Amino acid sequence: MKDDLSRLEQELAQLRPRSPGADCERRLRRISTEGAASGTAAADSRRFMFGRFWGRRVAVLGAAALVLLAIRVSMLLRDNAGGEEEAVPVAAGTSTEQVEGNEAGVVATGTVLYAMANEGTALAENGLPATRVRLYLLERASWETPGARTSFEIVRPREEVVYIPLPVL
Amino acid sequence: MNWTEWFQEHGPGLLLYARQWTPSRTEAEEALQDGFVRFWRSRAARDGTGGVPSDTDLPRLFVAIKHAAFDRGRRRRRRHEREAAAAEQLYDRNGWFEATAPGAERARRIGQALGELPAEQREVIVMKIWGGLTFRQIGEALRIPQNTAASRYRYALAALRRELQREDATR
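Residues numbered from 1 in each chain as written. Chains lettered and ligands numbered in written order. Predicted model: local features only at pLDDT ≥ 70, side-chain atom pairs only at ≥ 80, totals over all residues. Heavy atoms only, no water.

A. Main features of the interface of chain A and chain B. With 37 residues of chain A in contact, the opposing surface of chain B contributes 46 residues. Here chain A and chain B share an interface that buries about 3,800 Å² over both sides, 61% of which is from carbon and sulfur atoms. The interface formed by chain A and chain B contains three salt bridges. We note a salt bridge from R106 of chain B to E11 of chain A, for which the minimum N-O separation is 2.5 Å. Remark: the boundary between chain A and chain B carries 13 residue pairs in polar contact (both at pLDDT 80 or more). (Contact = heavy atoms within 4.5 Å. Buried area = accessible area lost by both parts, 1.4 Å probe. Salt bridge = Lys/Arg side-chain N within 4 Å of Asp/Glu carboxyl O. Polar contact = N/O pair within 3.5 Å; in protein donor to acceptor, adjacent residues only side chain to side chain.)

B. Just the packing of helix α6 (residues 119-130) of chain B against helix α7 (residues 135-142) of chain B, in detail. All names here are of chain B. It is at 10 Å that the axes of α6 and α7 come closest, and there the two elements cross at 135°. When the axis of α6 is compared with that of α7, the two are oblique. α6 and α7 meet at a crossing whose hand is right-handed. On α7, the residues that touch E123, V124, M127 and K128 of α6 are F135, I138, A141 and L142. (Axes fitted to C-alpha atoms, helices over the stretch in contact; angles between N-to-C directions. Helix = DSSP H or I, 4+ residues; strand = E, 2+ residues; numbered from the N terminus. Parallel < 35°, antiparallel > 145°, perpendicular 65-115°, else oblique. Left-handed = near helix turned anticlockwise from the far one by under 90°.)

C. Layout of unusual backbone geometry. All names here are of chain B. A positive phi is found at R143, a non-glycine position, where the angle reads about 55°. Structurally, the position occupied by R143 is in the loop between α7 and α8 (146-170). With a relative accessible area of 78%, R143 lands in the exposed category. (Buried < 20%, exposed > 50% of the residue type's maximum accessible area, 1.4 Å probe, protein only.)

D. Region of the structure containing the nonpolar core. Counting residues in hydrophobic clusters, the biggest one holds 56 residues, and the most contacted among them are L12 of chain A together with L14, L32, F36, F97, I125 and W130 of chain B. Viewed by domain, this core spans two of them, domain 1 (1-92) and domain 2 (102-171) of chain B, each represented by three or more residues. Apart from residues lying up to four places away in sequence, L12 of chain A is in contact with I110, I125, I129, W130, L157 and L160 of chain B. (Core = buried A, V, L, I, M, F, W, Y, C linked by side-chain atoms within 4.5 Å. Domains from an automatic or database assignment.)

E. Representation of the sheet that holds strand β2 (residues 105-123) of chain A in the model. All names here are of chain A. Taken in spatial order, the three strands of this open sheet run β2-β3-β4, and their pairing is antiparallel. The outermost strands of the open sheet, each flanked by one partner alone, are β2 and β4 (150-165). Ignoring strand direction, the axes of neighbouring strands in this sheet form an average angle of 15°. Bridging between strand β3 (residues 129-145) and β4 involves 16 bridges; their strand directions are antiparallel. Bridging from a neighbouring strand, E144 pairs with S151 of β4. (Pairing = 2+ DSSP bridges.)

F. Structural view of the confidence of the model for chain A. All names here are of chain A. For chain A, the mean per-residue pLDDT works out to 69, and 60% of the residues sit at or above 70. Across chain A, the secondary-structure element scoring lowest on mean pLDDT is helix α3 (residues 41-50), at 45, and the one scoring highest is strand β1 (residues 16-17), at 88. Of the regions scoring below 50 in pLDDT, residues 36-52 engages in 35 contacts with residues more than four places distant in sequence or in other chains. Within the model, the stretch residues 81-99 combines pLDDT values under 50 with 12 contacts to residues more than four positions away or in other chains. (pLDDT = per-residue confidence, 0-100.)

Structure follows, in C-alpha cells:
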C-alpha cells in the first residue's frame, strides 16, 4: 500500500507542469528588473495611489478622464461615419425604384459606457507600468423601414482595454 | 541565481498552482503576473527589496498568486456570473502537464484525476510536489497545522491512486 503511494508520488514528481509562456516570463522579468531598481514599480504605484502623492493622483485621474473622453468622441465619430457608409439591404428580386420605400436605414446610433473595471497595474505596450482599465460598452443602432413600417434595433456589447500610464517616480 | 534561471525552475509549478483556480492558461498567466506584483509590493513595503524571490519567499508567493486568482475570479463572476459558471465546468485540465507522445495519455488522465480532487487537497499536492515546499511551509502559507497539510497530502495521494486504478479497471 505504502509502496503504491510512493510509486505514484514518484510518477507525479516526474511530470513536468507546462511552463508559462515566453511573453509572461518577459513581462515578469521586466517588472522584476524595474522593481529592483526603484523599490518595485508596484510599491511605487501603491505609494502613488494611497500615499502622499495626492497631486499626481489627481493628475492621473484627470488623464484617465481625458482618455475616456477621447474614446467616447472617437466612437461617436466612428458611429456617424459608419451610419453613412452602411450598406442598405434591398429586398431580393426587386428593383431599386420599386423598393425605395422599403429600404431599411439607420435612424439612430449610440454607444453607452455602462461599466469600468480597474484591473490593476500592468505593463503597457511600451513596457512602462500603467493602470489597466477595462471599459464595458454597448453599441446600439436603430433601423427603420418606413415603407413597411417596421423597425429593429441591434445592440452589441463590446469591451475595450485602455492603459493609463503611471508616473515614473 | 538570475531571474531567468529562477523562473525556469519555479515558473511551471507556480503556473500549475494558478491553474487550479482559473479556467484557462491565459487567465492563469494573468493571475501569475498579478500575484507577482502583489508579492513584490508587499515585500517592498516590508523591507524595500525587489528582484528574484528567495526560497523562503515561495510560500508567500503561492498565497499571493492564489489571492490574485480569486480576485480575478470574483471580478469575472460579478460580470458574467452565468458564463463563469459554465466556464468552470469546462476547465481545461488536459494541458496541465508537458508530455511526450508515449506518456501524453497518462499525463492527461493524471491531470483529470487531479482536477477531481477537493481543492484543499489539490493545492497541497501541487505545492508539495511541483512547488517543492515542505509541510511546514505549506502549513504557514495556508494557515493550517503542519500535520493537517501532511494528512491532506496523504488523502490526496490515496484518492488519486483510487481514481487512476478505477480508470485502469474500466479500460
